[in-house]
Amino acid sequence: MTHPSLAELADKIRLLPAMPMIALDVIRSLQDSDLDVDGLARRISQDQAIAARVLRVANSPFYGLQKQVGSIHDAIVVLGLSTVRSLVLAASMITCLPGGGAGSFSRDAFWRHGLGTAVAAEALARVLQRPPELMFIAGLLHDIGRLAMVSLYPDTFAALREQALREDRPLGLLEAGCFGFDHAEAGARLAALWNFPPSIVDAIGRHHTPGDTSPGSLAGIIHYADAIARALELDGEVDGQVPHLDQATIDGLGVSWEQLNSVLAETQSRFESCRLMLG
Amino acid sequence: MTEPLLSPLDQARPGDILAAAVTDEGGSVLLPAGLVLTESHLDSLRRREITRLPLQVAATPTDPAELARQREAIHQRVMHLFRHTAGEPGSSALLHAVIKFRQEQCR
């Protein structure tokens, strides 16, 4: 069994398939205050596979559109730029990134959990009156380091996963013991290489250790959203477990009982829409 | 099980759940399906002069014994998911909310 360092993992990341141009455009646009929306819509439309997945979700019952949208431009008009941009990024990542051949690891379950966490984070954003777009993206990608580990070190990762199942232990702890870093650290490194905004990089890196972030941080919201998605079993895994929740972080979010019930209902409902993206 | 029904807005109460999205005249989503309504949501709908909305309503009750069995199975399953964290204070609210939410879905 090999024991690569985080630096070696970062070096190997270039071996992963390149992201579609439109995904890079979307990431760049997140920090562009003078965005050419029409130009972005045109570029999204040129990638027909991604545009088709986005329109499938946009036309799902969740959005309750009275008239079906047939183009990315119309989807932006009806649903708004931030919603469509989030969906485009999700479709791009799901389409281009590999992740298979590592024992019982399921790529489908991985993305189901990513989408589940994304919609849970978005629902939390709504009750906390925060902008939802960065929440969705950080939720979607919070475990992306695990996908890189699976792809680059399939045999090592498969052995770790089998050990986690056999001993009923959190996989993240075993990752850290074997690699010297866990999927959160690996994901933050990956997100930084892809030029995601620093707040998303930070949230990915600290979603299991949000205790030292400020109350209401993006990392804290993803910490809660991750557990919500696991508790609702949106990944469809039979061996799931809800991760540890940091009490100070949860208290710091200030989500009321009524709001939490609303978040659960919205998460379940929106997930049924977003999962159409998976094929 | 639940079924959608277009109900007058003045009959809706906080805690009711939307069976489908509420949209404006242009088709834009105002409130998503599955949302648990609050008083502020209802106020917002009144301001927009929306008069009817699709609410989930309880369908014909199933056999009480079967319902109790389903609810117990859900309780056990959720406790299994929280098997490492059920006693932790940070997990308490989510644990109880998820049990309640998932049990209500089997009505």
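Analysis parameters
- Residues numbered from 1 in each chain as written.
- Chains lettered and ligands numbered in written order.
- Predicted model: local features only at pLDDT ≥ 70, side-chain atom pairs only at ≥ 80, totals over all residues.
- Helix = DSSP H or I, 4+ residues; strand = E, 2+ residues; numbered from the N terminus.
- Rg over C-alpha atoms; globule rule 2.2 N^0.38 Å.
- Buried ≥ 20, exposed ≤ 12 C-beta atoms within 10 Å, placed from the backbone.
- Contact = placed C-beta atoms within 7 Å.
- Nonpolar A, V, L, I, M, F, W, Y, C, P; charged D, E, K, R; others polar.
- pLDDT = per-residue confidence, 0-100.
- Domains from an automatic or database assignment.
- Axes fitted to C-alpha atoms, helices over the stretch in contact; angles between N-to-C directions.
- Parallel < 35°, antiparallel > 145°, perpendicular 65-115°, else oblique.
- Left-handed = near helix turned anticlockwise from the far one by under 90°.
- Arc of directions from axis to C-beta.

Caption draft 1: Quick peek at the overall build of chain A. Each helix and strand in chain A was counted, giving 16 helices and zero strands. Computed over its C-alpha atoms, the radius of gyration of chain A comes to 18 Å, within 12% of the 19 Å expected for a compact globule of 279 residues. Projected onto its principal axes, the C-alpha coordinates of chain A cover approximately 55 × 45 × 35 Å. Residues counted as buried form 51% of the 279 residues belonging to chain A.

Caption draft 2: Broad picture of the overall build of chain B. When helices and strands are tallied, chain B shows three helices and four strands. Expressed as a percentage of the 107 residues in chain B, the buried residues total 21%. Look at the contacts in chain B between residues 6 or more apart in sequence, and 60% of them connect residues 24 or more apart.

Caption draft 3: Region of the structure containing the environment of F62 of chain A. On the secondary structure map, F62 of chain A appears in the loop between α4 (48-58) and α5 (72-79). Using a count of 23 C-beta atoms within 10 Å as the deciding quantity, one classes F62 of chain A as buried. Separated by 46 residues in sequence, F62 of chain A and D108 of chain A place their C-alpha atoms 21 Å apart. Those residues in contact with F62 of chain A that sit more than four places away from it in its chain are S269, R270, E272 and S273 of chain A together with A21, P32 and A33 of chain B.

Caption draft 4: How the structure looks around the interface of chain B and chain A. Between chain B and chain A, the contact holds 27 residues from the first and 32 residues from the second. Per-element accounting of the side of chain B that touches chain A gives the leading share, five residues, to helix α3 (residues 92-104) of chain B. Of the residues belonging to the side of chain B that touches chain A, the class tally is 16 nonpolar, nine polar and two charged.

Caption draft 5: Quick look at α4 of chain A. For α4 of chain A, the set of buried residues is I50, A51, R53, V54, L55, V57 and A58 of chain A. Those residues of α4 of chain A that are buried lie in contact with α2 (21-29), α3 (37-46), α5, α6 (81-96) and α16 (257-274) of chain A.

Caption draft 6: Representation of the confidence of the model for chain B. Residue and element names in this part refer to chain B. Of all residues in chain B, 86% attain a pLDDT of 70 or more, and the chain-wide mean is 81. Across chain B, the element-wise mean pLDDT spans from 66 in strand β1 (residues 2-8) up to 96 in α3. Predicted complex, confidence summary: ipTM 0.90, pTM 0.81.

Caption draft 7: Structural detail: the domain arrangement of chain B. Domain annotation for chain B reports domain 1 (2-58) and domain 2 (64-104). Centre-to-centre separation of domain 1 of chain B and domain 2 of chain B, based on C-alpha positions: 28 Å.

Caption draft 8: View of the domain arrangement of chain A. Residues and elements named next belong to chain A. Domains assigned within chain A are domain 1 (18-96) and domain 2 (99-279). Just the C-alpha atoms count here: the centres of domain 1 and domain 2 sit 23 Å apart. Of the residues lining the interface, 16 residues belong to domain 1; the matching set on domain 2 comes to 20 residues. Listed by contribution, the elements that provide at least two residues to the side of domain 1 that touches domain 2 are α4 and α6. Here the side of domain 1 that touches domain 2 is composed, by residue class, of nine nonpolar, four polar and three charged.

Caption draft 9: Local environment of unusual backbone geometry. All names here are of chain A. Here Q129, not a glycine, exhibits a phi torsion of approximately 55°, which is positive. The phi dihedral of D168 falls on the positive side, at around 50°, and the residue is not glycine. Its location among the elements puts D168 in the loop between α10 (154-167) and α11 (171-179). Taking the number of C-beta atoms within 10 Å as the measure of exposure, D168 has 10 and is therefore exposed.

Caption draft 10: Spotlight on the packing of α6 of chain A against helix α8 (residues 132-141) of chain A. Residue and element names in this part refer to chain A. Viewed as axis vectors pointing N to C, α6 and α8 meet at an angle of 10°, and their least axial separation amounts to 9 Å. When the axes of α6 and α8 are compared, the pair comes out roughly parallel. By crossing handedness, the relation of α6 to α8 is classed as right-handed. When α6 is examined against α8, the residues S82, R85, S86, L89, A90 and M93 are found in contact with a partner set consisting of P132, E133, F136, I137 and L140. When grouped by side-chain class, the residues that make up the contact of α6 with α8 number seven nonpolar, two polar and two charged.

Caption draft 11: Inspection of the packing of helix α7 (residues 107-127) of chain A against helix α14 (residues 218-231) of chain A at higher detail. Residue and element names in this part refer to chain A. Put simply, α7 and α14 touch, their axes get as near as 8 Å, and they point 125° apart. The angle between the axes of α7 and α14 places the two elements in the oblique class. The crossing of α7 and α14 is right-handed. Each of H113, G116, T117, A120, A121 and L124 in α7 lies in contact with α14, whose residues at this interface are I221, I222, Y224, A225, D226, I228 and A229. Residue composition of the contact of α7 with α14, grouped by class: nine nonpolar, three polar and one charged.

Caption draft 12: Structural context of the confidence of the model for chain A. Averaged over every residue, the pLDDT of chain A is 90; the share at 70 or more is 98%. For chain A, the element scoring lowest by mean pLDDT is helix α1 (residues 6-12) of chain A, at 81; α14 of chain A scores highest, at 98.

Caption draft 13: Broad picture of the environment of Q68 of chain A. With respect to the helices, strands and loops of the structure, Q68 of chain A is situated in the loop between α4 and α5. Distance from Q68 of chain A to L55 of chain A, taken between C-alpha atoms, is 9.0 Å for residues 13 residues apart in sequence.

Caption draft 14: Main features of α3 of chain A. Residue and element names in this part refer to chain A. The set of residues buried in α3 consists of L40, A41 and I44. Around the axis of α3, the buried residues are gathered within 100° of arc, so they sit on the same side. Facing away from the buried side of α3, by more than 90 degrees, are the exposed residues D38, G39, R42 and Q46. Elements that come into contact with the buried residues of α3 comprise α2, α4, α5 and α6.

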